[in-house]
Amino acid sequence: MSGSEAQPKLVNHYGDVLLIQFKEYYIDDNGNETPLSETKEPIAVVIGSPGLHPAVANALMEMREGETRVITINASDRVGPRDPMNVITVPRKPLEEMGFSPSVGQTIAMGMRVGRITQVTEDTITVDFNHPLAGKTIFSKVTLVRKLKNDAEKVHAVIKSHFGQYADAVTVKMRKGTIDIYMTPDVLLMPNFQNVLAFVGMALAIAVPKRVAQYHITPRVIQMGGEDTRPPVKVQ
């Protein structure tokens, strides 16, 4: 087999916007599947966007519509490596004197750190301050639902996926070279609103590089059939 024949055939490429459904989970110490997150409806992802894990992006580049794959991800990529120094053993008696009855699995705060009790003996308790996912493998089950084709479809899907329940407060107008994104003040109630705008901006810059996104806060969402005569405020 030649080198070229051994290379996977890419179906999708950098900048493509794909509608996917996914479920992420890990296997706990008892061998049970423990869910982390799951989509209730398809969401839009942009290949090359910083918000998409490289392992998932690489798999999506080879997938066709309707195909499902399970991708393994090292949780340390997200939460940092497991550090044995973050596991400590302390005397049990002083904690019990303060009214604390330790048991395996309990969460306990010590100073500025919060850990999980992993072992209890007659005299000591062992507390693990590592992130619960540190050292584990995350499984991401991904189904490619559809590849989006035109710019308007891509932009609306990206907006809906990032704004979530606030998507109804957003209207998009496409002009040559420009994407005008109008938002009511409701979006200011979003947690991490500025971060959402940053991720939307990065995703759109990759997905529709020939257009520039402009954000506006307006007293009401501008409908496609009419114009709001009040001047919008551009989001910096």
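Anything mentioned here points back to the structure above.
Residues numbered from 1 in each chain as written. Predicted model: local features only at pLDDT ≥ 70, side-chain atom pairs only at ≥ 80, totals over all residues. Heavy atoms only, no water.

Some remarks on the overall build of the protein chain
Thinking step 1. Secondary structure assignment for the protein chain yields 6 helices and 13 strands.
Thinking step 2. A burial count over the protein chain gives 38% of its 236 residues as buried.
Thinking step 3. Contacts in the protein chain between residues far apart in sequence, at least 24 positions, make up 63% of those at least 6 positions apart.
Thinking step 4. Just so you have it, the protein chain exposes about 14,000 Å², and 53% of that area is on carbon and sulfur atoms. (Helix = DSSP H or I, 4+ residues; strand = E, 2+ residues; numbered from the N terminus. Buried < 20%, exposed > 50% of the residue type's maximum accessible area, 1.4 Å probe, protein only. Contact = heavy atoms within 4.5 Å. Areas by Shrake-Rupley, 256 points an atom, 1.4 Å probe, with all protein chains shown as cover.)

Digging into the environment of P209
Thinking step 1. As for its placement among the helices and strands, P209 is situated in the loop between helix 6 (193-207) and strand 12 (212-217).
Thinking step 2. Residues P209 and G177, 32 residues apart in the sequence, show an inter-C-alpha distance of 9.1 Å.

Remarks on the packing of aromatic side chains
Thinking step 1. Scanning the model with the defined rule gives 1 aromatic pair in all.
Thinking step 2. Relative to F139, the ring of Y25 lies with its centre 5.5 Å away and its plane at 20 degrees, an arrangement referred to as stacked. Taken together, the residues span a long stretch of sequence, with Y25 in strand 1 (residues 17-27) and F139 in strand 9 (residues 137-147) at a distance of 114 residues.
Thinking step 3. The ring of Y25 is capped by K23, whose NZ or CZ atom sits 5.9 Å from the centre of that ring.
Thinking step 4. Above the ring of F129, the side-chain terminus of R113 is found at 4.1 Å from the ring centroid. (Phe/Tyr/Trp six-rings, centres within 6.5 Å; stacked < 30°, edge-to-face > 60°. Lys NZ or Arg CZ within 6 Å of the ring centre and 35° of its normal.)

Regarding the sheet that holds strand 7 (residues 113-120)
Thinking step 1. Strand order in the open sheet formed by 4 strands is 5-8-7-6, and the pairing between neighbours is antiparallel. For this open sheet the edge positions go to strand 5 (87-91) and strand 6 (107-110), each flanked by a neighbour on one side alone. Between one strand and the next, the sheet's axes are offset by a mean angle of 45 degrees, whatever the strand orientation.
Thinking step 2. Bridging between strand 7 and strand 8 (residues 124-128) involves 4 bridges; their strand directions are antiparallel. When the sheet's bridge partners are listed, R116 is paired in strand 8 with D128. (Pairing = 2+ DSSP bridges. Axes fitted to C-alpha atoms, helices over the stretch in contact; angles between N-to-C directions.)

Some thoughts on the layout of surface pockets
Thinking step 1. By volume, the largest pocket is sized at about 790 Å³.
Thinking step 2. In terms of lining, the largest pocket is formed by 26 residues, of which the most central are F22, I43, A44, V45 and S161.
Thinking step 3. When residues of the lining of the largest pocket are traced back to their parent elements, those giving at least two are strand 1, strand 3 (43-46), strand 9, helix 5 (151-163) and helix 6.
Thinking step 4. The greatest single-element share of the lining of the largest pocket, amounting to 5 residues, is contributed by helix 5.
Thinking step 5. Among the residues making up the lining of the largest pocket, the classes are represented as 15 nonpolar, 7 polar and 4 charged.
Thinking step 6. In this structure, the second largest pocket encloses a volume near 170 Å³. (1 Å grid on protein atoms, 1.4 Å probe; cavity = no way out; pocket = protein on both sides within 12 Å on 5 of 7 lines; lining within 4 Å. Points joined across faces, edges and corners; volume = space filled by probe spheres on them. Nonpolar A, V, L, I, M, F, W, Y, C, P; charged D, E, K, R; others polar.)

Focus: the side chain of N12
Thinking step 1. The residue N12 is located in the loop between helix 1 (3-6) and strand 1 in this model.
Thinking step 2. Among the polar contacts made by the side chain of N12, one reaches the main-chain carbonyl oxygen of L60 at a distance of 2.8 Å.
Thinking step 3. Not counting the four nearest positions on each side in its chain, N12 is found in contact with L18, I47, L60, M61, M63, L144 and K147. (Polar contact = N/O pair within 3.5 Å; in protein donor to acceptor, adjacent residues only side chain to side chain.)

Quick look at the packing of helix 5 against helix 6
Thinking step 1. As a packed pair, helix 5 and helix 6 sit with axes 10 Å apart at the nearest point and diverge in direction by 155 degrees. Accordingly, the angle class assigned to the pair helix 5 and helix 6 is roughly antiparallel. Seen from above, helix 5 lies across helix 6 with right-handed handedness. Judged by residue contacts, K154, V155, V158, I159, H162 and F163 of helix 5 engage F193, V196, L197, F199, V200, A203, L204 and A207 from helix 6.
Thinking step 2. Partitioned by chemical class, the residues of the contact of helix 5 with helix 6 number 12 nonpolar, 1 polar and 1 charged. (Parallel < 35°, antiparallel > 145°, perpendicular 65-115°, else oblique. Left-handed = near helix turned anticlockwise from the far one by under 90°.)

Looking at the pairing of strand 6
Thinking step 1. Bridge analysis of strand 6 against strand 7 gives 4 bridges, and the strand direction is antiparallel. Along strand 7, the bridge assignment pairs I108 with G115.
Thinking step 2. If you look at the hairpin formed by strand 6 and strand 7, you'll find 2 residues sitting between the two strands, and G111 has a positive phi there, around 65 degrees.

Focus on unusual backbone geometry
For residues that are not glycine, phi is negative in most cases, and the peptide bond is trans in most cases.
Thinking step 1. Within the chain, N192 stands out as a residue other than glycine whose phi angle is a positive 55 degrees.
Thinking step 2. Looking at where N192 falls in the secondary structure, it is placed in the loop between strand 11 (178-183) and helix 6.

Some thoughts on the side chain of S140
Thinking step 1. Residue placement: S140 occurs in strand 9.
Thinking step 2. If we ignore the near neighbours within four places in the chain, the residues touching S140 are K23, E24, V56, R69, V70, I71 and I73.

Geometric descriptors of this kind do not, in isolation, establish any biological role.
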